[in-house]
Amino acid sequence: MPFRHRYTGLISKYLDRLPVQDDVRIIGLGEGNTPLIQLSKLPRVVARDVDLFVKFEGLNPTGSFKDRGMTMAVTKAVDEGAKAIICASTGNTSASAAAYAARAGIACFVLIPDGKIALGKLAQAIMHGAQVLQIRGNFDAGMRLVKELAEQAPLTIVNSINPYRLQGQKTAAFEIVEELERAPDYHCLPVGNAGNITAHWIGYCESSGSGQDGRLTEACTLCDGQCRFASAVVDKRPRMVGYQAAGSAPFMRGAPVDDPDTVATAIRIGHPQSWQQALAVSRESGGWFDELSDEEILQAQRLLADHEGVFCEPASATSVAGALRDIRSGRIPEGSTVVCTLTGHGLKDPDVAIAQAGDAVQTVDAELEAVRGAIVDRL
Ligand code: F0G
């Protein structure tokens, strides 16, 4: 095989741990293999000794974790002869679906909430040639419509109710286990539709159960089992902690929320589709759910960008906002290894970022004195 060591995406890497045939035509963009970045300053902000990592899923090809699931969903859809896919979306799913449909050469229809999706995501769906329908309703209404429509027309749903989505997304847990050579003690995620927290749990469960003696013998297919990952031992699973935006927190209310609202538009969801699964994950893993105000979410987004050089979208920062609060309070004890998923890139939502900028952008005359004055003032 030419270019044997080239990374070509998560399906080829984890072929034997995913429900695909060896000779399937992979619709991929090199997704997965995202960095697990250790945060150095934020633990000091809360004055606690923890190993705190972010899994920066915003570095996937379309800028969010959705690509992990989408490569699987679209590969399977094409394999089964689909000519069109459809989704409801708060933005990232539509961007990802549109890109993978373009790659596959099939049609893509997306339903998005009118005026409530971040600009970058809309630009992506349009550029990749999706048919974009803004509905006068929210994500939950879109989801209901998509399900009804797919009963009547040859359309494959690529929301996370499509089981192949979760199969693709579980690989993020595989990657974390490979890098840490163990599972973290706590894994923190933002929760909207609740597919991703469910997918990660599947991944951790498979990691702890696969191979003999808990050994991850199949973790790396790129090197014929020669690399250090082949001997990673996983004998435990993390507690899974799901954080929601306070205005869209059905898991905290214990019931669906009919009119969800938050600045973190990606997780503006009141009727999560993976409700039962996420409750089971929380129970089985010994984890919990909690909620954050919009202000706490935006503050965490700024902290990450300002102190750590990591720019994620608001919804993603929910995981770090929650983790920091729970680390500070001791609910997540000192000495823990904590992974927070940063689900999407900050460039997705320039409006919210710029609205927080305050006086960060200064206008001066194009003259040396003016520019020098502005810079020397700030040294
Ligand atoms: N973070 C981001 C950036 C998201 O886009 C989403 C979901 C989530 C977190 C929540 O993940 O739904 O698996 O619990 N976005 C979907 C979309 C709903 O349409 O893009 P979840």
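The coordinates are above.
Residues numbered from 1 in each chain as written. Predicted model: local features only at pLDDT ≥ 70, side-chain atom pairs only at ≥ 80, totals over all residues. Heavy atoms only, no water.

Some points on a nonpolar patch on the surface
Phase 1: A cluster of nonpolar residues, Val364, Val371, Ile375, Val376 and Leu379, forms a patch on the protein surface that exposes about 480 Å² of accessible area.
Phase 2: Inspection of the secondary structure assignment puts Val364 in the loop between helix H14 (350–355) and helix H15 (368–378). (Patch = residues over 30% accessible without salt bridge, like charges linked within 9 Å, V, L, I, M, F, W, Y side chains within 5 Å. Areas by Shrake-Rupley, 256 points an atom, 1.4 Å probe, with all protein chains shown as cover. Salt bridge = Lys/Arg side-chain N within 4 Å of Asp/Glu carboxyl O. Helix = DSSP H or I, 4+ residues; strand = E, 2+ residues; numbered from the N terminus.)

Quick word on the layout of surface pockets
Phase 1: Volume-wise, the second largest pocket comes out at about 180 Å³.
Phase 2: Val45, Val46, Leu292, Glu296, Gln299, Ala300, Leu303, Ala321, Leu324, Arg325 and Arg328 are the residues that line the second largest pocket.
Phase 3: Of all elements in the fold, only helix H12 (294–308) and helix H13 (314–329) reach the threshold of two or more residues within the lining of the second largest pocket.
Phase 4: Counted by class, the lining of the second largest pocket contains seven nonpolar, one polar and three charged residues. (1 Å grid on protein atoms, 1.4 Å probe; cavity = no way out; pocket = protein on both sides within 12 Å on 5 of 7 lines; lining within 4 Å. Points joined across faces, edges and corners; volume = space filled by probe spheres on them. Nonpolar A, V, L, I, M, F, W, Y, C, P; charged D, E, K, R; others polar.)

Section: the sheet that holds strand S8 (residues 239–245)
Phase 1: Pairing is mixed in the open sheet, where six strands are placed in the order S1-S2-S10-S7-S8-S9. Two strands lie at the open edges of the sheet, namely strand S1 (36–38) and strand S9 (288–292), each paired on one side alone. Each strand axis lies, on average, 25° off the axis of its neighbour in the sheet, ignoring direction.
Phase 2: Here S8 pairs with S9 via five bridges, running parallel. (Pairing = 2+ DSSP bridges. Axes fitted to C-alpha atoms, helices over the stretch in contact; angles between N-to-C directions.)

Here we look at the site of the ligand
Phase 1: Neighbouring the ligand are 20 residues, the closest being Lys66, Ser89, Asn193, Ala194 and Thr343.
Phase 2: Within the side chain of Asn92, a nitrogen or oxygen atom sits 2.8 Å from an oxygen atom of the ligand.
Phase 3: Between Gly192 and the ligand, the recorded distance is 2.8 Å, taken from a backbone N or O atom to an oxygen atom.
Phase 4: In this structure the site holding the ligand corresponds to the largest cavity.
Phase 5: Elements with a contribution of two residues or more to the shell around the ligand: helix H4 (92–104) and helix H9 (195–209).
Phase 6: Within the shell around the ligand, the residues separate by chemical class into eight nonpolar, ten polar and two charged. (Near = heavy atom within 4 Å. Polar contact = N/O pair within 3.5 Å; in protein donor to acceptor, adjacent residues only side chain to side chain. Sits in = over half its atoms within 2 Å of the grid points.)

Some points on the environment of Glu284
Phase 1: Mapped onto the elements of the fold, Glu284 is located in helix H11 (residues 275–285).
Phase 2: What makes Glu284 exposed here is its relative accessible area of 51%. (Buried < 20%, exposed > 50% of the residue type's maximum accessible area, 1.4 Å probe, protein only.)

What to know about the environment of Pro314
Phase 1: Turning to its location among the elements, Pro314 is positioned in helix H13.
Phase 2: Here the alpha-carbon distance between Pro314 and Gly346, two residues 32 residues apart in the chain, equals 7.4 Å.
Phase 3: Those residues within four positions of Pro314 in sequence are excluded, and the remaining contacts are Ala264, Ile297, Leu298, Gln301, Asp349 and Val352. (Contact = heavy atoms within 4.5 Å.)

Looking at the sheet that holds strand S5 (residues 131–135)
Phase 1: Taken together, four strands build an open sheet; the order of strands is S5-S4-S3-S6 and the sheet is parallel. Both edges of this open sheet fall to S5 and strand S6 (156–157), since each of them pairs with a single strand only.
Phase 2: Helix H6 (residues 139–152) contacts strand S3 (84–88), strand S4 (107–113), S5 and S6 of the sheet and is inclined by roughly 150° relative to S3.

Re unusual backbone geometry
Most of the time, phi is negative for any residue but glycine, and the peptide bond is trans.
Phase 1: Here the phi dihedral of Ala47 falls at roughly 55°; this positive angle occurs in a residue that is not glycine.
Phase 2: Assignment of secondary structure puts Ala47 in the loop between helix H2 (42–45) and strand S2 (51–56).

Some thoughts on the pattern of salt bridges
Phase 1: Following the criterion strictly, the structure yields 14 salt bridges and no others.
Phase 2: Notably, a salt bridge pairs Glu178 with Lys13, separated by 2.8 Å at the nearest N-O pair. One end of the pair, Glu178, is in helix H8 (residues 171–180); the other, Lys13, is in helix H1 (residues 10–13), and 165 residues separate them in sequence. Accessibility classification places Glu178 together with Lys13 in one group, the buried group.
Phase 3: We note a salt bridge from Lys236 to Asp185, for which the minimum N-O separation is 3.0 Å. Of this pair, Lys236 sits in the loop between H9 and S8 while Asp185 is found in the loop between H8 and strand S7 (186–190), placing the two residues 51 residues apart along the sequence.
Phase 4: A relative accessible area of 33% places Lys236 in the partly exposed class.
Phase 5: When salt bridges with common partners are traced through the structure, they connect Lys55, Glu57, Arg68 and Glu175 into a single cluster.

Re the nonpolar core
Phase 1: Ranked by size, the top nonpolar core spans 34 residues in total, and within it Leu52 and Val320 carry the most contacts.
Phase 2: Listing elements by their share of this core, those giving two or more residues are S2, S7, S8, S9, H12, H13 and strand S10 (337–342).
Phase 3: Looking at this core element by element, the count peaks at seven residues for H13.
Phase 4: Among residues more than four places away in sequence, those in contact with Val320 are Leu42, Val54, Ala300, Leu304, Cys340 and Leu342.
Phase 5: In terms of nonpolar packing, the next biggest core, distinct from the first, is built from 22 residues, Met70, Ile85, Tyr100 and Ile112 among them. (Core = buried A, V, L, I, M, F, W, Y, C linked by side-chain atoms within 4.5 Å.)

A closer look at H4
Phase 1: The first and last C-alpha atoms of H4 sit 18 Å apart over 13 residues, in line with the 18 Å expected at 1.5 Å per residue.
Phase 2: The buried fraction of H4 amounts to eleven of the 13 residues, a majority that puts the element mostly inside the structure.
Phase 3: The complete set of buried residues in H4 reads Asn92, Thr93, Ser94, Ala95, Ser96, Ala97, Ala98, Ala99, Tyr100, Ala101 and Ala104.
Phase 4: On its buried side, H4 packs onto helix H3 (66–79), S3, S4, helix H5 (119–127) and helix H7 (163–169).
Phase 5: Note on H4: the residue one or two positions beyond its end, Gly105, has a positive phi of about 80°. (Expected span 1.5 Å × (residues − 1).)

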